[in-house]
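# Topology and contacts: notes
Chain by chain, the residues run as shown.
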Amino acid sequence: MKHPIIIIGAGVSGLWAASLLTQQGIACRLLEARNRIGGRVLSISDANRPDLGRFDLGPTWFWPQYEQKISSLVKELNVATFDQYTEGALLAEHSLNEAPKRYTLPENGNAMSVRIRGGVQTLIEAISDTIPPEIIELGTTVSAIRQYSASELSIQTLLADGTSKEFMTSAIILALPPRMVARHIEFSPPLPPNLLADLASKPTWMASHAKVVAVYERPFWREVGLSGNATSWVGPLQEIHDASPETGSGALFGFFGWPAIQRQELGQEELLKLVTGQLVRFFGPEAHKMKAMLYKDWSTDTKTAVKEDLDRLHDFPQYGYPPDTGIWGKNLIFAGTETDPQFGGHLEGALQAAEKAVAKLMNLTDQLK
């Protein structure tokens, strides 16, 4: 091709697409609006206690019995994994007027999930190591895409320092949430109306959610036969899971049942006070003794969410590949987890979407030879 392939978005899908193209010897560049790679993968440590470990505020686990691509990739890249801790009783809270009830699940009652040692960011780093570092452009926000011919496109970007930069390409892989494409990138000529409507209709996975991790010196709940799993009809956390590393410190993470608007109106400080109170209700006074509390509200992340994403999802979205790109032809290709019909919203979906995007691009490359 005359120009390098441009991949927009350095999340799981964009990085894996770049890795696959690199393996094929195809020149590419990877543009990322954030100042880091990983997208919705976010694994962090507490700045004051990094010794306690790194914890996921984005995707956390995968299911090897169902998700073959990520299962094979972690082995291929020598990424260490361990089974999610599920031994012990589950707690359920129906009302503030009664103590949480304890339930024992049947053996093998849940599909076994697997976590990555050091957080999912370890996988991001392993994929990144397969890509020449100079092809990644951080702090580069795409604002417009223009088509000059069937094999020549221009990408206009805004850099972190406020300057602009143009990239020329023969084909583009859009590894972004569909709504980010629809709301923040100007296309000339415009995208077909049915395609634009399809992109705008697909909720961004995780964009309406927030996640909190409470970190302790040890997983003390296990000592009294609790798995760390809990559900609540009261809140603010709707579900809680053990987020402890394989050894050493203990951690509990939770997803909020309260919608984004309610969380934002309450404010982070007050919200986390309520989280602490809820953890004490479930796990006793020792839950007060946390060493760190890590929090991420994805609905306030402008690189993830648009206004429509503030509405809480009640059903699993119907994801899948967008309709025909019309005049843009085959050199505008979509990736990202929301484009995968089977595993949309999962790490597996992001990886499979990248592989499908690269396969489409390889067909296009063969046609242009």
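This text gives an overview of the structure that appears in the document. (Residues numbered from 1 in each chain as written. Predicted model: local features only at pLDDT ≥ 70, side-chain atom pairs only at ≥ 80, totals over all residues. Heavy atoms only, no water.)

## Concerning the nonpolar core
One recurring pattern in soluble globular proteins: nonpolar side chains tend to sit buried together. The criterion, for reference: Here, nonpolar core means buried Ala, Val, Leu, Ile, Met, Phe, Trp, Tyr and Cys residues that are tied together by side-chain atoms lying within 4.5 Å of each other. The rule is simple: take the accessible area with a 1.4 Å probe, protein chains only, and divide by the maximum for that residue type; under 20% is buried, over 50% is exposed, in between is partly exposed. In DSSP terms, a helix is any run of H or I states spanning at least four residues, a strand is any run of E spanning at least two, and both are numbered starting from the N terminus. Residues count as neighbours in contact if any of their non-hydrogen atoms are within 4.5 Å of one another.
By size, the foremost hydrophobic cluster in this structure holds 44 residues, and its most contacted members are Ile7, Leu15, Leu21, Leu123, Ile127, Ile173 and Leu361. When residues of this core are assigned to their parent elements, the largest contribution, 8 residues, is made by helix 8 (residues 347–368). Those residues in contact with Leu21, other than ones at most four positions away along the chain, are Ile5, Ile7, Ile26, Cys28, Ile173, Val358 and Leu361. Residues Ala89, Tyr216, Phe282 and Phe283 belong to the second largest nonpolar core, which totals 23 residues.

## Focus: unusual backbone geometry
A cis geometry characterises the amide bond from Ser188 onward to Pro189, with omega recorded as 0°. Topologically, Pro189 is positioned in the loop between strand 15 (186–188) and helix 5 (193–201). In this model, Gly235 is joined to Pro236 through a cis peptide bond whose omega is 10°. Its place among the elements puts Pro236 in the loop between strand 17 (226–232) and strand 18 (237–242).

## Overview of the pattern of salt bridges
Pairing between side chains of opposite charge can happen when their charged atoms approach one another. Keep this limit in mind: Salt bridges are defined by distance alone: a side-chain nitrogen of Lys or Arg within 4 Å of a carboxyl oxygen of Asp or Glu.
Under the criterion given, the structure shown has 21 salt bridges. Here Arg49 ties to Glu217 by a salt bridge, and the two come within 3.1 Å at their closest N and O atoms. On the criterion of sequence distance, the pair formed by Arg49 in the loop between strand 3 (43–44) and strand 4 (55–56) and Glu217 in the loop between strand 16 (210–216) and strand 17 is long-range, its members being 168 residues apart. A relative accessible area of 22% places Arg49 in the partly exposed class.

## Remarks on the pairing of strand 19 (residues 250–256)
To keep things clear, this is the line we draw: Note on pairing: two strands pair once DSSP finds at least 2 bridges between them.
With 6 of 7 residues buried, strand 19 lies mostly within the body of the structure. Sheet analysis places strand 16 next to strand 19, joined by 6 bridges and oriented antiparallel. Residue pairing across strands places Ala214 opposite Leu252, the latter belonging to strand 19. In this structure, strand 18 lies alongside strand 19, joined through 5 bridges in antiparallel fashion. Bridge pairing links Asp242 to Leu252 in strand 19.

## A look at the sheet that holds strand 12 (residues 152–159)
To keep things clear, this is the line we draw: To define axes, lines are fitted to C-alpha atoms, for helices over the stretch in contact only, and angles between the resulting N-to-C directions are given on a 0 to 180 degree scale.
The 4 strands lie next to each other as 13-12-11-15, forming an open sheet whose pairing is mixed. Only two strands of the sheet have a single partner each, and these edge strands are strand 13 (164–169) and strand 15. Taken pair by pair, the neighbouring strands of this sheet meet at an average axis angle of 20°, ignoring direction.

## With respect to the sheet that holds strand 7 (residues 89–93)
Reading across the sheet, the 7 strands line up as 8-7-17-18-19-16-20 and stay open at both edges, with mixed pairing between neighbours. Looking at the sheet topology across the chains shown, the edges are occupied by strand 8 (101–103) and strand 20 (292–297). Across the sheet, the mean angle separating the axes of adjacent strands is 20° when strand polarity is ignored. Here helix 7 (residues 268–283) sits on the sheet and contacts strand 7, strand 16, strand 17, strand 18, strand 19 and strand 20; the angle it forms with strand 17, its principal contact strand, is near 125°.

## Describing empty space enclosed by the protein
Note the following rule: A cavity here means a set of points on a 1 Å grid, drawn over the protein atoms and nothing else, where a 1.4 Å probe fits but cannot get out; a pocket is an open set with protein on both sides within 12 Å along at least five of seven lines, and a residue lines either one if it has an atom within 4 Å of a point. Grid points are joined across faces, edges and corners, and a volume is the space filled by probe spheres set on the points. Polar here means any residue other than Ala, Val, Leu, Ile, Met, Phe, Trp, Tyr, Cys and Pro, which are nonpolar, and Asp, Glu, Lys and Arg, which are charged; Gly is therefore polar.
Taken as a whole and assessed by the stated rule, the structure comprises 1 cavity of 30 Å³ or more. Counted as a void, the largest cavity has a volume near 40 Å³. Contributing to the lining of the largest cavity are Arg54, Phe55, Asp56, Thr60, Arg115 and Ala243. Partitioning the lining of the largest cavity into residue classes produces 2 nonpolar, 1 polar and 3 charged.

## With respect to the packing of aromatic side chains
Heads up, the condition is: The criterion for an aromatic pair is that two Phe, Tyr or Trp rings (for Trp, the six-membered ring) have centres within 6.5 Å, with stacked assigned to planes under 30 degrees apart, edge-to-face to planes over 60 apart and tilted to the rest.
With the rule as written, the count across this model stands at 11 aromatic pairs. With centroids separated by 5.3 Å and ring planes inclined at 85°, the aromatic side chains of Phe253 and Phe255 adopt a geometry described as edge-to-face. By relative accessible area, which is 1% here, Phe253 ends up buried. Aromatic pair Phe256 and Tyr295: ring centres 5.8 Å apart, planes at 80°, arrangement edge-to-face. Of this pair, Phe256 sits in strand 19 while Tyr295 sits in strand 20; the two residues are 39 residues apart in sequence, bridging distant segments of the chain. Both residues of the pair, Phe256 and Tyr295, belong to the buried class. Ring pairs connect the aromatic residues Tyr216, Phe220, Trp221, Phe282 and Phe283, which therefore count as one cluster.

## Here we look at the pairing of strand 7
The buried fraction of strand 7 amounts to 5 of the 5 residues, a majority that puts the element mostly inside the structure. Here strand 7 shows a buried face lined by Ala89, Leu91 and Glu93 and a second buried face lined by Leu90 and Ala92. Bridge analysis of strand 7 against strand 8 gives 3 bridges, and the strand direction is antiparallel. Its bridge partner lying in strand 8, Ala92 is registered against Lys101.

## Here's the deal with the environment of Phe167
Here Phe167 shows up in strand 13. For Phe167, the residues in contact, after removing those within four places along its chain, are Ile6, Arg29, Leu31, Glu137, Thr140, Leu153, Ser154, Ile155 and Thr157.

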